[in-house]
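So the chains spell out like this:
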Amino acid sequence: MAISGARPATGIGIFGGRPRVRPRQVARPRRRSGADRRRRQMTSVSGILVALAVAAGLAFFYLSQSTHVAAIGYQITGLEAQLAELRAEQQQLILQIGEARSPAVITRRAKYDLNLVELPAQSVTFAQRSIKQP
Amino acid sequence: MLARTDSRARALLLLLVAALVATGIGTRLAWWQIVERDRLSAMALAQLDQTEEIPAERGDITDASGELLATTVELQSIFATPPSVDDPASTAALLAPLLGWDVHDLQDTLDSDDPWVWLKRRVDLKTSDAVRALHLPGIGLLPETKRVYPVEGVSPSTTLASQVLGFVNVDGVGQYGIESSENALLGGLPGSVTAQQDVAGRQIADSVFQLKAPVDGSDLKLTIDAGLQHLLESAMWDTYKRNYAKGVTGVVMDVNTGAVLALATFPSYDANDYSKLDPSLFTNPAVSRQYEPGSVMKAFTIAAALDAGAITTKDKFRDDNNLRLAGVRIQNADRYWYPNGHGRITAGDVLKLSNNVGAAKIGLTLGGPGLYQALRRFGFGEPTGIEIAGEASGTVWNPDGPNGSGQLTTAQNSFGQGLAVTAMQLVAGYAAIGNGGRLVTPHVVAGWTTPDGTYHPAEQPEPERIMRQQTADTVLRLLTDAVDFGIAQPASIPGYSVAGKTGTAQIAGPITQRVRVGTDHKGKPIYKKVTRYGYIRNWIDSSFISLLPASDPKIVTLILIHRPAVWGLYQMAQRPDDLFRSVAPDILSYLAIPPDRRKPPDGQVASR
């Protein structure tokens, strides 16, 4: 038995079909026009599209950032390896300096390369203090 | 031909099977995703996660003026993965000369089924560059750290102050010397990182989720001066060779602070290449070798007796070169020239003549317990506390103790026989005479710099007063007279006053002798080999210890020659006082200690 003053809906509102008509006994000040309905439909569709676009944008941004971070990470690893190599070279240079500053090496060079002779300890003269210190 | 109803039934059956399969898969997925989630996640992460130790950087060791004595460098170690080696024969031919391998041995190694093998660890830069340039399949390089000691020593194949520094083993742990005793300070604390790795084994940068940063070791600054160390090592190496000695020890220490400025010992070693050496070389004899010091102990006997008020410098003691105690006859070293002794002598004469009988009588006047306690106050019988690993305590016998022999032990303690000391104990004891009576703690660590750059000077215990200032000054004067007018006169130096004492002591050990035990039936004597413990003929420790300059001592020096080749009555190629005379002016000049004498003391006979 049909309900007086009402009709069953034939589809989902936004995809067409007739909108549900409220029962006559509910008092409405004014019935919506067709233009209003189309505007509402358009607003709903564009909102969803914007949301989808934003979600896609965010996903793309996340992916690009992740890739970028990973790439930076590999760059850092490479730079760390380069730094380690440079540090190793620096250590070698410090070692060579230490070797070259050995008293034994200096003595040998002074004696045999520069033909220097040792100064007898007795020939060292200590200067007298000119002012008496407290 | 199937009817319509058959088709429906079949479709229904297929639907049922598909539903069952889907339900099964769904259930299994739910099981893995929900029930087993935590366990499976942990398993997956465990496959990705790798925890690696981050080694702490070991601190450097420098001398007092900042010269580098020990540091750590990164070197390459060469390994092979034999299954990946294309041509073992040609690879071996190329690598063997670079790595010092025998070609056939290397080829056998590269032909083996081992998945991975070290070929040579920690090679020098030149070798690693050469190996890398060959681009050999199956041959790789891995960085490893190595402790290096850059300062060359005086003798061939040695490094400077190696027995002071010690070395670091392949596991990065300090062995012997400062490297061992200060290992915790130098080594720091390793850290760790837990991170995910990609298929190539590289860390995924943004995956690090647990990092424990390593705490690097501190840099250590020593009191040793590399220049002075070189100077002393040169002199000690020279006398080591000239005397054909078993070992030599030389020490220069600040009398007021206890800072060891130079410590030279031979035989020595190369701390960069220690693996094939006799481990007995690694200990530092200045702190670990105990020996009977001989006459250098007489100064302590006199100091103890003077400080206790048992004697004065004017008291005289009869020396007849014949003191019998517990059946043992005590004589003087100059008994062949003075068989009846020197008559009545003072404490000063005891030091000038190095008189055993006089020293024994002073010790007996003070009394055994008094002398024993005084020697313990001087630091004998316990380690000095120096930071070098392996320090011995020495032995002083209590005359009234279970191992004591009453008066005989007291007499032996008086002139330095029958007890054992270390060179460092002697130096510390003489420093107390030189600084007015305070026992300082010998030390080689001046301070350390933490990784944040803060320098911490090493704190030393407050020196303990062990005798009155007046006593120390008196003994210092007597020791000065011993060099100016006594048998130590060869040690006198032009322009400087020297307080010092010689010491020669025989070395005890097992002696095997043929002893006649009887006669056979024909009357021929029967001999038997008997081993007893006693002083070994011509085995001596000869030393000279000094305080410089005697008018206001700044340094104490010790020269000790262990088992030199001797002839006659302990004649040597170079005596310690001779060596002192040649090296002391250089030491004083190096330390800028000005002369304190314009002319020799009145009454001194020119020694040489």
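Since the model is a prediction, treat every value here as computed from it, not as a measurement.

**Comments concerning the overall build of chain B**
At step 1: For chain B, the helix and strand inventory stands at 18 helices and 23 strands.
At step 2: The principal-axis extents of the C-alpha atoms in chain B amount to approximately 150 × 75 × 50 Å.
At step 3: For chain B, with 608 residues in total, the buried portion stands at 43%.
At step 4: Considering only residue pairs separated by 6 or more positions, chain B has 71% of its internal contacts joining residues 24 or more positions apart.

**Brief notes about the overall build of chain A**
At step 1: Looking only at helices and strands, chain A has two helices and zero strands in total.
At step 2: A buried classification covers 3% of the 134 residues belonging to chain A.

**Notes on helix H13 (residues 356–366) of chain B**
For an α-helix, 3.6 residues make a turn, and residues three or four places apart therefore share a direction.
Residues and elements named next belong to chain B.
At step 1: The element H13 is extensively covered by neighbouring structure, given that 10 of its 11 residues are classed as buried.
At step 2: Taken together, the buried positions of H13 are occupied by Asn356, Val357, Gly358, Ala359, Ala360, Lys361, Ile362, Gly363, Leu364 and Leu366.
At step 3: A positive backbone phi angle near 105° is found at glycine 367, which sits one or two residues after H13.

**Re the interface of chain B and chain A**
At step 1: Each partner contributes residues to the interface: chain B has 27 residues there, and chain A has 23 residues.
At step 2: Only strand S3 (68–80), helix H9 (226–242) and helix H18 (576–590) of chain B provide two or more residues apiece to the side of chain B that touches chain A.
At step 3: Tallying contributions element by element places S3 of chain B first for the side of chain B that touches chain A, with four residues.
At step 4: A breakdown of the residues in the side of chain B that touches chain A according to their chemical character gives 15 nonpolar, six polar and six charged.

**Thoughts on the confidence of the model for chain B**
Residue and element names in this part refer to chain B.
At step 1: With 96% of its residues at a pLDDT of at least 70, chain B reaches an overall mean of 90.
At step 2: Within chain B, helix H16 (residues 423–434) carries the highest mean pLDDT (97), whereas strand S9 (residues 210–212) carries the lowest (76).
At step 3: Across the interface, the model reports ipTM at 0.71; the global pTM reads 0.79.

**Things to note about the pairing of strand S23 (residues 555–562) of chain B**
Residues and elements named next belong to chain B.
At step 1: Here S23 lies mainly inside the structure; eight of its eight residues are buried.
At step 2: Alternating residues of S23 divide into Ile555, Thr557, Ile559 and Ile561 and Val556, Leu558, Leu560 and His562, and every residue in both groups is buried.
At step 3: In the sheet, strand S11 (residues 247–254) pairs with S23 via eight bridges, with the strands oriented antiparallel. Pairing of valine 252 across the sheet is with threonine 557, part of S23.
At step 4: Two strands pair when backbone bridges link them, and strand S22 (residues 525–548) and S23 are joined in this way by eight bridges, in the antiparallel orientation.

**Here's the deal with the packing of helix H11 (residues 298–307) of chain B against helix H17 (residues 469–485) of chain B**
Helix-helix packing is described using two parameters, namely the angle between the two axes and the distance between the axes.
Residues and elements named next belong to chain B.
At step 1: Direction vectors running N to C along H11 and H17 enclose 140°, while the axes themselves pass 9 Å from each other. Crossing geometry of H11 relative to H17 is assigned as right-handed. Of H17, the residues touching H11 (which contributes Ala299, Ile302, Ala303, Leu306 and Asp307) are Thr471, Thr474, Val475, Leu478 and Leu479.

**Digging into the confidence of the model for chain A**
At step 1: When the pLDDT values of chain A are averaged, the result is 77; 71% of them are 70 or greater.
At step 2: Across residues 1–17 of chain A, where pLDDT falls below 50, the model places 15 contacts with residues more than four positions away in sequence or in other chains.

**Digging into the packing of H16 of chain B against H17 of chain B**
Residue and element names in this part refer to chain B.
At step 1: Look at H16 against H17: their axes get within 7 Å of each other, and the N-to-C directions meet at 105°. Judged by the inter-axis angle, H16 sits roughly perpendicular to H17. Across the interface between the two elements, Ala432, Ile433 and Gly434 from H16 touch Ala472, Val475 and Leu476 from H17.
At step 2: When the residues that make up the contact of H16 with H17 are grouped by side-chain class, the tally is five nonpolar, one polar and no charged.

**Focus: the pairing of strand S21 (residues 499–519) of chain B**
Residues and elements named next belong to chain B.
At step 1: Bridging between S21 and S22 involves 19 bridges; their strand directions are antiparallel. By the bridge assignment, glutamine 513 is partnered in S22 with valine 530.
At step 2: Counted along the chain from S21 to the antiparallel partner S22, the turn is five residues long, and its residue glycine 523 has a positive phi close to 90°.

**Details of the sheet that holds S23 of chain B**
To summarise the sheet geometry, strands pair through backbone hydrogen bonds and adopt either a parallel or an antiparallel arrangement.
Residue and element names in this part refer to chain B.
At step 1: The five strands lie next to each other as S12-S11-S23-S22-S21, forming an open sheet whose pairing is antiparallel. The open sheet has two edge strands with one neighbour each: strand S12 (260–266) and S21. For this sheet the average axis-to-axis angle between neighbouring strands, irrespective of direction, equals 10°.
At step 2: Relative to S12, H9 is tilted by about 30°, and along the sheet it contacts S11, S12 and S23.

**Notes on unusual backbone geometry**
All names here are of chain B.
At step 1: In this model, phenylalanine 266 is joined to proline 267 through a cis peptide bond whose omega is 5°.
At step 2: Between leucine 548 and proline 549 the backbone carries a cis peptide bond, its omega angle lying at -25°.
At step 3: Mapping proline 549 onto the fold places it in the loop between S22 and S23.
At step 4: One non-glycine residue with positive phi stands out, namely alanine 326, at about 50°.
At step 5: Classification of alanine 326 by C-beta neighbours within 10 Å gives exposed; the count is 10.

**Describing H17 of chain B**
Residue and element names in this part refer to chain B.
At step 1: Compared with an ideal rise of 1.5 Å per residue, which puts 17 residues at 24 Å, H17 spans 24 Å between its outermost C-alpha atoms and is within 8% of the ideal.
At step 2: Within the sequence span of H17, burial applies to Thr471, Ala472, Thr474, Val475, Leu476, Leu478, Leu479, Thr480, Ala482, Val483 and Asp484.
At step 3: Of the surrounding elements, those touching the buried residues of H17 are H11, helix H12 (347–353), H16, S21 and S22.

**A closer look at the environment of threonine 449 of chain B**
Residue and element names in this part refer to chain B.
At step 1: For threonine 449, the position within the fold is in strand S18 (residues 445–449).
At step 2: For the pair formed by threonine 449 and valine 148, sequence separation is 301 residues and the distance between their alpha carbons is 19 Å.
At step 3: If we ignore the near neighbours within four places in the chain, the residues touching threonine 449 are Ser218, Asp219, Thr454 and Tyr455.

**Here we look at the environment of isoleucine 561 of chain B**
Residues and elements named next belong to chain B.
At step 1: Here isoleucine 561 is to be found in strand S23.
At step 2: C-beta crowding within 10 Å serves as the criterion here: with 29 such atoms nearby, isoleucine 561 is assigned to the buried category.
At step 3: Isoleucine 561 sits 44 residues away from valine 517 along the chain, and the two C-alpha atoms are 39 Å apart.
At step 4: Sequence-distant contacts of isoleucine 561, defined by excluding residues within four places in its chain, comprise Thr239, Asn243, Ala245, Val248, Ser542 and Pro576.

**Side note on the nonpolar core**
Residue and element names in this part refer to chain B.
At step 1: Core analysis: the largest hydrophobic core is formed by 145 residues, its most contacted members being Leu69, Ile224, Met253, Ile302, Val427, Val475 and Leu547.
At step 2: With nine residues, the single largest contributor to this core is H16.
At step 3: When residues no more than four places from it in sequence are discounted, the contact partners of methionine 253 are Gly258, Ala259, Val260, Leu261, Val427, Ala431, Pro442, Ile555 and Val556.

About the cut-offs
Residues numbered from 1 in each chain as written. Chains lettered and ligands numbered in written order. Predicted model: local features only at pLDDT ≥ 70, side-chain atom pairs only at ≥ 80, totals over all residues. Helix = DSSP H or I, 4+ residues; strand = E, 2+ residues; numbered from the N terminus. Buried ≥ 20, exposed ≤ 12 C-beta atoms within 10 Å, placed from the backbone. Contact = placed C-beta atoms within 7 Å. Nonpolar A, V, L, I, M, F, W, Y, C, P; charged D, E, K, R; others polar. pLDDT = per-residue confidence, 0-100. Pairing = 2+ DSSP bridges. Axes fitted to C-alpha atoms, helices over the stretch in contact; angles between N-to-C directions. Left-handed = near helix turned anticlockwise from the far one by under 90°. Parallel < 35°, antiparallel > 145°, perpendicular 65-115°, else oblique. Expected span 1.5 Å × (residues − 1). Core = buried A, V, L, I, M, F, W, Y, C linked by C-beta atoms within 7 Å.

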